[in-house]
Amino acid sequence: MGIMEKMRLDGKAIYVTGGARGIGKSVATGFAEAGADLAIVDVDIAEAEKTAKEIAEKNGVKTIAIKCDVTDPDDVKAMVAKVVETFGKLDVAFNNAGICINEPAEEMSYEAWMKVININLNGVFLTAQAAGQVMLKQGYGSIINTASMSGHIVNVPQPQCAYNASKAGVIMLTKSMAVEWAKKNVRVNCISPGYIGTELISNDPKLKPLVEEWNKIGPMGRIGKPEELQGICVYLAGDSSPFTTGSDFIVDGAFTSF
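Report on the accompanying structure.

The rules behind these values
- Residues numbered from 1 in each chain as written.
- Predicted model: local features only at pLDDT ≥ 70, side-chain atom pairs only at ≥ 80, totals over all residues.
- Heavy atoms only, no water.
- Helix = DSSP H or I, 4+ residues; strand = E, 2+ residues; numbered from the N terminus.
- Rg over C-alpha atoms; globule rule 2.2 N^0.38 Å.
- Buried < 20%, exposed > 50% of the residue type's maximum accessible area, 1.4 Å probe, protein only.
- Contact = heavy atoms within 4.5 Å.
- Areas by Shrake-Rupley, 256 points an atom, 1.4 Å probe, with all protein chains shown as cover.
- Core = buried A, V, L, I, M, F, W, Y, C linked by side-chain atoms within 4.5 Å.
- Pairing = 2+ DSSP bridges.
- Axes fitted to C-alpha atoms, helices over the stretch in contact; angles between N-to-C directions.
- Polar contact = N/O pair within 3.5 Å; in protein donor to acceptor, adjacent residues only side chain to side chain.
- Phe/Tyr/Trp six-rings, centres within 6.5 Å; stacked < 30°, edge-to-face > 60°.
- Right-handed = clockwise from strand over helix to strand, strands pointing away.

**Re the overall build of the chain**
A tally of regular secondary structure across the chain gives nine helices and seven strands. Taking 2.2 N^0.38 as the reference for a compact globule, 258 residues should give roughly 18 Å; the C-alpha atoms of the chain span a radius of gyration of 17 Å, in line with that estimate. Projecting the C-alpha coordinates of the chain onto the three principal axes gives extents of approximately 45 × 40 × 35 Å. Looking at the chain residue by residue over its 258 residues, the buried ones come to 50%. Counting only contacts in the chain whose residues sit at least 6 apart along the sequence, the fraction spanning at least 24 positions is 72%. When the accessible surface of the chain is summed, it comes to about 12100 Å², and 55% of that surface belongs to carbon and sulfur atoms.

Here is the structure:
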């Protein structure tokens, strides 16, 4: 099998949390263009259904939409069970759901802190654990978690201690699971995007000054595009990366390099 064939995802079953919009939707689209069948997982089921339908119509793959709160263990187990019931297996899990709350550390409420930690870190643990349990029984699988360059640096000028801490946790969680499952043919990696111009960022006038600041100080003079994360995720999901596990892929336009 040649390298281009190995990059194809035909016949693979993949779920994407936070898949209704933003990075999740873009990467899900990339998976579908490579031939994968998809479960679009989100708390916003209406938007998830819309995204699933759009991707299926454009790419001729099978898609379903599943409502899931990634902080609820029972919800997560039910979601993974639904994916396996629908597709008969789970080849790839893209644990991507996350939020960010920008508040100064001295003012941040414990409730706000826990909301970020629960979704960004605990949610990744729960989904990766549930996916891993299925994959370990299958004897194979690839787990991709969304971390962030914020797990490596402290972002400025916005204050976001909870987000940064949660994403640093995702990186070490990824490495820990990868080592535990390395001999069992279940790979675990994460991506660490830099600033990405999702619709949420692009359409929020309150964020315009921040985007201008990021563009000013970023080495490439711009923030990233959601589709610029597709390639690394397709690589990690496919058969061309069997020796790649426990890695964190920073995709940030060299933002963390200076």
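**Focus on the nonpolar core**
By size, the foremost hydrophobic cluster in this structure holds 32 residues, and its most contacted members are Tyr15, Ala39, Met79, Val83, Leu90 and Ile143. Contributing elements (two or more residues each) for this core: strand E1 (13-17), strand E2 (37-42), strand E3 (63-67), helix H4 (73-87), helix H5 (110-138), helix H6 (161-181) and strand E6 (186-193). Considering every element that reaches this core, the biggest residue donor is H5, with seven residues. Setting aside residues no more than four positions away along its own chain, tyrosine 15 makes contact with Ala39, Val41, Met79, Val80, Val83, Leu90, Val92, Ala93, Phe94, Asn95, Thr127 and Ala131. Among the nonpolar cores identified, the runner-up in size contains 28 residues, and Val27, Ala48, Ala52 and Val234 belong to it.

**Focus on the environment of lysine 67**
Relative to the elements of secondary structure, lysine 67 occurs in strand E3. What makes lysine 67 exposed here is its relative accessible area of 54%. Remark: the alpha-carbon pair of lysine 67 and glycine 246, spanning 179 residues in sequence, is separated by 29 Å. Ignoring anything within four residues of it in the chain, the contact list for lysine 67 reads Asp42, Val43 and Ile45.

**Describing the sheet that holds strand E4 (residues 92-95)**
Taking strand neighbours across the sheet as the criterion, the seven strands line up as E3-E2-E1-E4-E5-E6-E7 in an open arrangement whose pairing is parallel. Two strands bound the open sheet, and with one partner strand each, they are E3 and strand E7 (248-251). On average, adjacent strands in this sheet sit at an angle of 15 degrees to one another, irrespective of strand direction. Lying over the sheet, H5 contacts E1, E4, strand E5 (141-146) and E6, oriented at roughly 175 degrees with respect to E5. Those strands touched by H6 are E5, E6 and E7, and its axis lies near 160 degrees from that of E6.

**Quick word on the side chain of glutamine 158**
Here glutamine 158 is to be found in the loop between E5 and H6. Exposure remark for glutamine 158: the relative accessible area of 6% places this residue in the buried category. Of note is the side chain of glutamine 158, whose polar atom sits 3.3 Å from the side chain of glutamine 160. Engagement of the side chain of glutamine 158 in a polar contact is seen with the side chain of tyrosine 195, the distance being 3.1 Å. When sequence neighbours within four positions are dropped, the list of residues in contact with glutamine 158 reads Asn102, Tyr195, Leu210 and Trp214.

**A short note on the packing of aromatic side chains**
Summed over all chains, the structure comprises four aromatic pairs. On the numbers, 6.2 Å between centres and 85 degrees between planes, the contact of phenylalanine 31 with phenylalanine 94 is edge-to-face. Residue phenylalanine 31 is located in helix H2 (residues 22-33), and its partner phenylalanine 94 is located in strand E4; the two are separated by 63 residues in the primary sequence. An identical accessibility class is assigned to phenylalanine 31 and phenylalanine 94; each is buried. Linked through ring pairs, Tyr195, Trp214, Phe255 and Phe258 together constitute an aromatic cluster.

**Remarks on the pairing of E3**
Sheet topology places E2 next to E3; five bridges connect them, and they run parallel. Bridge pairing links aspartate 42 to lysine 67 in E3. Following the chain from E2 across helix H3 (residues 45-59) to the adjacent parallel E3, one finds a crossover that is right-handed.

**Examining the environment of valine 154**
Locating valine 154 in the fold gives a position in the loop between E5 and H6. You can call valine 154 exposed: its relative accessible area is 67%. For the pair formed by valine 154 and threonine 256, sequence separation is 102 residues and the distance between their alpha carbons is 9.8 Å.

**Some points on unusual backbone geometry**
Here the bond from valine 156 into proline 157 is cis, since omega is 5 degrees, no more than 30 degrees from zero. By secondary structure assignment, the location of proline 157 is in the loop between E5 and H6. With phi around 65 degrees, asparagine 185 is a residue other than glycine that occupies positive phi space. Under the relative-accessibility criterion, asparagine 185 is labelled partly exposed at 46%. Backbone geometry places alanine 254, a non-glycine residue, at a positive phi of 70 degrees. Relative to the helices and strands, alanine 254 resides in the segment after E7. Overall, the relative accessible area of 34% leaves alanine 254 in the partly exposed class.

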